[in-house]
Amino acid sequence: MGKRRGRPAAREGGWTSSRGRRGSTDRAPRQTVAERLEAGDISRDEAVEKAREVVLRILTAAQKSRRELEQSLARKGYPEDVVVQVLDRFDEVGLVDDATYAETIVRTRHAERGLARRGIAAELRRRGIDENTAVEALDQLDPDDERVAGAKLATKLITRTRSLDRQVRVRRAVGSLARKGYAPGLAFELVRDALTAEGEETGDLDYVED
C-alpha cells in the first residue's frame, strides 16, 4: 500500500495549499475605486480612465441609457463625480443618447415583439428613460399601427390553441395581449376578431378573467 498523505504542514500565518496560496478566509476584501481613491492608491485621472473603459465595454455589447450606465458604475464602486464626468463626455460625443435609445426600443419592441404602447412605456421606465424622452419616442407609434400589430399577434395566439375549449383560448390570448400592454377591452376585441376570421361564432362570447 502507498503512504497515506498527511495534512498540509502549518506555516506561519495560516495553512497553505500545495500551491502556496493562503486560504480564502485570509483574503482582504477587495477595495472599491472610491476607497482606492481615498487611500491614494490611484489618482482621479486613473479612476476616470478606468470608468471610461468600463463604459466602452458595456456599450460595445449593447446600447444602454445613461441611468443604466450610472447604475453599472455605481455597483462597481465609482464615485459619483467620476461617473458624472465620464458620462457627460459620452453624452457630448453622442455615444450615450437616451432619445435615440428610446426610439430604438419603441421600434424594435413594437415591430419584433408586438408590444403595445403601454408595454413599451413600462420597459422605458425600467431602463431609466425620463418621462419626456419616453413620450417623444412613443409618439412615433400610430394607433392604427398598434392595432394592426395586435391583430397579427391575436391571430397567432388563437391559431396555437385550436384544440382547446373556446373560452380557454380567449382567456389565454387576451392574457398574453394584456401582458404586452394591450388594454383589456382592445385585447378582447382583437381576439374575438381573430376567432371570427377563423369561422367561430362569437355572438355569445364573453371574457371572464381567471
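Residues numbered from 1 in each chain as written. Predicted model: local features only at pLDDT ≥ 70, side-chain atom pairs only at ≥ 80, totals over all residues. Heavy atoms only, no water.

(A) Region of interest: the pattern of salt bridges. All told, the structure shown has 14 salt bridges when counted by the stated rule. In this structure, Asp 81 and Arg 44 form a salt bridge, with 3.1 Å as the shortest nitrogen-oxygen distance. Of this pair, Asp 81 sits in helix H4 (residues 80–92) while Arg 44 sits in helix H2 (residues 44–61); the two residues are 37 residues apart in sequence, bridging distant segments of the chain. For Asp 81, a relative accessible area of 42% translates into the label partly exposed. (Salt bridge = Lys/Arg side-chain N within 4 Å of Asp/Glu carboxyl O. Helix = DSSP H or I, 4+ residues; strand = E, 2+ residues; numbered from the N terminus. Buried < 20%, exposed > 50% of the residue type's maximum accessible area, 1.4 Å probe, protein only.)

(B) Spotlight on the UniProt feature "domain: RecX first three-helical" (unreviewed entry) in the protein. UniProt's feature table lists "domain: RecX first three-helical" (unreviewed entry) at residues 51–89, given in the numbering used throughout. Taken end to end, residues 51–89 is 79% helix and 0% strand, and its two terminal C-alpha atoms sit 12 Å from one another. (UniProt positions renumbered as here; feature names shortened; annotations may be inferred.)

(C) Up close: the nonpolar core. Val 55, Leu 69, Leu 73, Tyr 78, Val 82 and Val 86 are the most contacted members of the largest nonpolar core, which has 18 residues in total. Those elements that place two or more of their residues in this core are H2, helix H3 (66–75) and H4. In terms of residues, this core owes the most to one element, H2, which gives seven residues. In contact with Val 86, other than residues within four places in its own chain, are Val 48, Ala 51, Arg 52 and Val 55. Counting residues in hydrophobic clusters, the runner-up holds 17 residues, among them Ala 116, Ala 149, Val 174 and Phe 188. (Core = buried A, V, L, I, M, F, W, Y, C linked by side-chain atoms within 4.5 Å. Contact = heavy atoms within 4.5 Å.)

(D) Here's a closer look at the side chain of Glu 68. Relative to the helices and strands, Glu 68 resides in helix H3. Here the side chain of Glu 68 touches Arg 127 through a polar contact of 3.1 Å, side chain to side chain. (Polar contact = N/O pair within 3.5 Å; in protein donor to acceptor, adjacent residues only side chain to side chain.)

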